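# Working through the structure, step by step
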Amino acid sequence: MGPDTAKAASRRRRLLRSPWSHALLALILVALVQGFLVKIHHVPTGSMEQTLNVGDRVLVNRTAYFASVPERGDVVVFRKPPGWGPAPDRSFLRTSVGWFGELTGIGPGNTEYLVKRIIGVPGDTVECCDAAGAVKVNGVAISEPYIHQDFPLHAGSLDCSTAVESPRCFAPLILSEGQYLLLGDHRSVSEDSVSACRNPAAPPDCVRTVHRGDITGRVDWLVFPFDKWGALGS
């Protein structure tokens, strides 16, 4: 081995032993795991109470739909579509931190994510409500034991057939290919697929669906606070 080769080998050994190299490799590994396997998200609003509360940390399974499709009842994280409210006003420093988060998958990014529950999948007809106030999917009322503080509905005085409709009501919607209807469990405060429809002056196109490409994964685990650690729904 010549002197130049020996020097190059020595430099490689020093580089591999360097704590900076170890830190870089760890950063790359974490970024790959969060980018393709699982990612921790925080719950930004109270729209999923009591299933998820503001500030909860959840583990999102990014591989959940590699070989399957999102199903009714799944709690999912998705990119906030255009028309779901204004973009946040961020400082240059926060935006710079967000660039790092977008690049590495570590820390906050600049893309806004929301968490809701899938109620309707492509091909479904979803509407509210039946006589008991339940959401109907394909004409059948669904059981939603997870709902927290729904809008008021009183048969005969405030329902979907009275002069003044319950804000719980929305007209039938047929979901086309790639469209999903998502609602929050804390129904009366949730900004979701039908929140813009919950007033008498709502336009016909008030429903806001989420496209399959914007769903990034399924919420499988609660990781914080630690007293709630475990599989979602366990």
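The structure we're discussing is the one just above.
Scope of this entry: the structure provided in the associated data block. Here the structure is a predicted model, which is why all the values come from computation and not from measurement.

Calculation rules
- Residue positions are given per chain, counting from 1 as you read along its sequence in written order.
- Given that the model is predicted, a residue must reach a pLDDT of at least 70 before its local features are reported, and side-chain atom pairs must reach 80 or more before they are shown or counted; all residues, however, enter totals for whole chains, interfaces and linings.
- Each side-chain value is derived from all of the structure's non-hydrogen atoms; neither hydrogens nor water enter the calculation.
- Two cysteine sulfurs form what is called a disulfide whenever their separation falls within 2.5 Å.
- Throughout this description, buried means an accessible area under 20% of the type-specific maximum (1.4 Å probe, protein chains only), exposed means over 50%, and partly exposed covers the range between.
- Cavities and pockets were defined on a 1 Å grid built over protein atoms only: a cavity is a set of grid points that admits a 1.4 Å probe from which the probe cannot escape, a pocket is an open set flanked by protein on both sides within 12 Å along at least five of seven lines, and lining residues are those with an atom within 4 Å of any such point.
- Grid points are joined across faces, edges and corners, and a volume is the space filled by probe spheres set on the points.
- Throughout, the ten residues Ala, Val, Leu, Ile, Met, Phe, Trp, Tyr, Cys and Pro are labelled nonpolar, Asp, Glu, Lys and Arg are labelled charged, and all others, Gly among them, are labelled polar.
- Think of a nonpolar core as a cluster: buried Ala, Val, Leu, Ile, Met, Phe, Trp, Tyr and Cys residues, connected wherever their side-chain atoms sit within 4.5 Å.
- In this description a helix means any DSSP run of H or I spanning at least four residues, a strand means any run of E spanning at least two, and both kinds are numbered starting from the N terminus.
- Contacts were defined at the residue level, with two residues in contact if any of their heavy atoms lie within 4.5 Å.

Below, the discussion takes up the state of the cysteines. In the structure shown here, the tally under the stated rule is 3 disulfides. Each disulfide pairs two cysteine sulfurs, and for Cys197 the partner residue is Cys206, the sulfurs being separated by 2.1 Å. Torsion about the S-S bond of the Cys197 and Cys206 cystine: about 110°, corresponding to right-handed handedness. Taking the relative accessible area as the measure of exposure, Cys197 reaches 10% and is therefore buried. The class of Cys206 is buried, set by a relative accessible area of 11%. For the chain, numbering the cysteines in disulfides from first to last along the sequence yields the connectivity 1-2, 3-4, 5-6.

Under the definition given, this model contains 1 cavity of 30 Å³ or more. Its volume calculated, the largest cavity comes out at about 30 Å³. In terms of lining residues, the largest cavity is bounded by Cys128, Gly133, Val135, Asp150, Arg168, Phe170, Arg187 and Arg198. Among the residues making up the lining of the largest cavity, the classes are represented as 3 nonpolar, 1 polar and 4 charged.

A separate point is the nonpolar core. Membership of the largest hydrophobic core comes to 16 residues, with the highest contact counts inside it found for Ile119, Val126, Phe170, Leu181 and Val194. For this core, the secondary structure elements donating two or more residues are β5 (125-128), β6 (135-137), β8 (170-174) and β9 (179-183). In this view, Val126 contacts Ile119, Gly120, Val135, Lys136, Val137, Phe170, Ala171, Pro172, Leu173, Leu175 and Leu181; residues no more than four positions away in its chain are not counted.

Turning next to the layout of surface pockets. The space that makes up the second largest pocket amounts to roughly 400 Å³. Per-element accounting of the lining of the second largest pocket gives the leading share, 4 residues, to β8. Of the residues that constitute the lining of the second largest pocket, the class distribution is 17 nonpolar, 2 polar and 3 charged.

Here the focus is the environment of Ala155. With respect to the helices and strands, Ala155 occurs in the loop between β7 (140-141) and β8. For Ala155, a relative accessible area of 66% translates into the label exposed. Residues Ala155 and Ala132 lie 23 residues apart in sequence; the distance between their C-alpha atoms is 7.7 Å.

In short, geometric facts, not functional conclusions.
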